[in-house]
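The lines below spell out each chain.
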Amino acid sequence: MIYLVTGNDFKKTSHTFNKYVAILRHKQPEASVFEFVPEEFNVGQFEEVVLGETLFLSKHIVLARRLSENAEAVELVLTLIHKMAEAPSVFLFYEADDKSELAKKLSLLAKEVKTFTQTVPTKIE
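Residues numbered from 1 in each chain as written. Predicted model: local features only at pLDDT ≥ 70, side-chain atom pairs only at ≥ 80, totals over all residues. Heavy atoms only, no water.

## Some points on the sheet that holds strand E5 (residues 112-115)
As summarised here, the arrangement of the 5 strands in space is E2-E3-E4-E1-E5, forming an open sheet in which the pairing is parallel. Looking at strand neighbours, the two that pair on one side only are strand E2 (32-36) and E5, the edges of this open sheet. Strand-to-strand, the axes of this sheet are offset by a mean angle of 10 degrees, without reference to chain direction. The pairing of strand E3 (residues 60-65) with strand E4 (residues 90-95) spans 5 bridges and is parallel. Note on E4: the bridge partner recorded for leucine 63 is leucine 92. Lying over the sheet, helix H1 (residues 10-27) contacts strand E1 (2-6), E2, E3, E4 and E5, oriented at roughly 170 degrees with respect to E4. Here helix H4 (residues 101-109) sits on the sheet in contact with E1, E4 and E5, set at roughly 135 degrees to E1. (Pairing = 2+ DSSP bridges. Helix = DSSP H or I, 4+ residues; strand = E, 2+ residues; numbered from the N terminus. Axes fitted to C-alpha atoms, helices over the stretch in contact; angles between N-to-C directions. Contact = heavy atoms within 4.5 Å.)

Below you can see the structure in the form of structure tokens.
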């Protein structure tokens, strides 16, 4: 199951992402939590979390922040996206750029998408 929080309004996206995390941890206190960021993305660990589901393991909560900043991560997520959408585990993504290829593909399969875009006022001269 995929959830996506996206947009360039950092304050609102961060608040919403953290709210989802708190709700998920409250609903599934026994779930294992895995966190992935672009700077320290581990291909093997991500594959294991997505593909390593068995009937005897508890559900996972997977937190993925800004993975569109890592080309290797984007490629892997797009390869495994259908498995994540069908998995009993929860995959919560945060992407700052709602126009990125990754955000667009995730939004097609996500159970919920929250987008917060901050507009920059333009000055008319």
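## What to know about the confidence of the model for the protein chain
When the pLDDT values of the protein chain are averaged, the result is 90; 90% of them are 70 or greater. Across the protein chain, E1 holds the top mean pLDDT of 97, while helix H2 (residues 43-51) sits lowest at 91. (pLDDT = per-residue confidence, 0-100.)

## Looking at the pattern of salt bridges
Two side chains carrying opposite charge are able to pair once their charged atoms lie near each other. Per the counting criterion, the structure on display carries 5 salt bridges. Ionic pairing is found between glutamate 39 and arginine 66, a salt bridge with its closest N-O pair at 2.3 Å. Here arginine 66 lies in the loop between E3 and helix H3 (71-86) and glutamate 39 lies in the loop between E2 and H2, a separation of 27 residues in the sequence. With relative accessibility at 56%, the residue glutamate 39 sits in the exposed group. The class for arginine 66 is partly exposed, based on a relative accessible area of 23%. (Salt bridge = Lys/Arg side-chain N within 4 Å of Asp/Glu carboxyl O. Buried < 20%, exposed > 50% of the residue type's maximum accessible area, 1.4 Å probe, protein only.)

## Observations regarding the nonpolar core
Membership of the largest hydrophobic core comes to 23 residues, with the highest contact counts inside it found for Phe46, Leu67, Met84, Phe91 and Phe93. If one sorts the elements of this core by residue count, H3 sits on top with 7 residues. Leaving out residues up to four positions away in the same chain, phenylalanine 46 has contacts with Phe36, Phe41, Val62, Leu76, Val77, Leu80 and Met84. (Core = buried A, V, L, I, M, F, W, Y, C linked by side-chain atoms within 4.5 Å.)

## Topic: the environment of isoleucine 2
Following the sequence through the fold, isoleucine 2 ends up in strand E1. Overall, the relative accessible area of 1% leaves isoleucine 2 in the buried class. It is 9.9 Å that separates the C-alpha atoms of isoleucine 2 and leucine 108, two residues lying 106 residues apart in sequence. In this structure, isoleucine 2 is in contact with Ile81, Met84, Ala85, Phe91, Phe93, Leu106, Leu109, Ala110, Lys111 and Glu112, ignoring residues within four places of it in sequence.

## What about the pairing of E1?
For E1, the buried fraction is high: 5 of the 5 residues fall into the buried class. Where burial is concerned, the two faces of E1 agree: the one with Ile2, Leu4 and Thr6 and the one with Tyr3 and Val5 are both buried. As judged from the 4 bridges shared by E1 and E5, these two strands associate in the parallel manner. Note on E5: the bridge partner recorded for threonine 6 is threonine 115.

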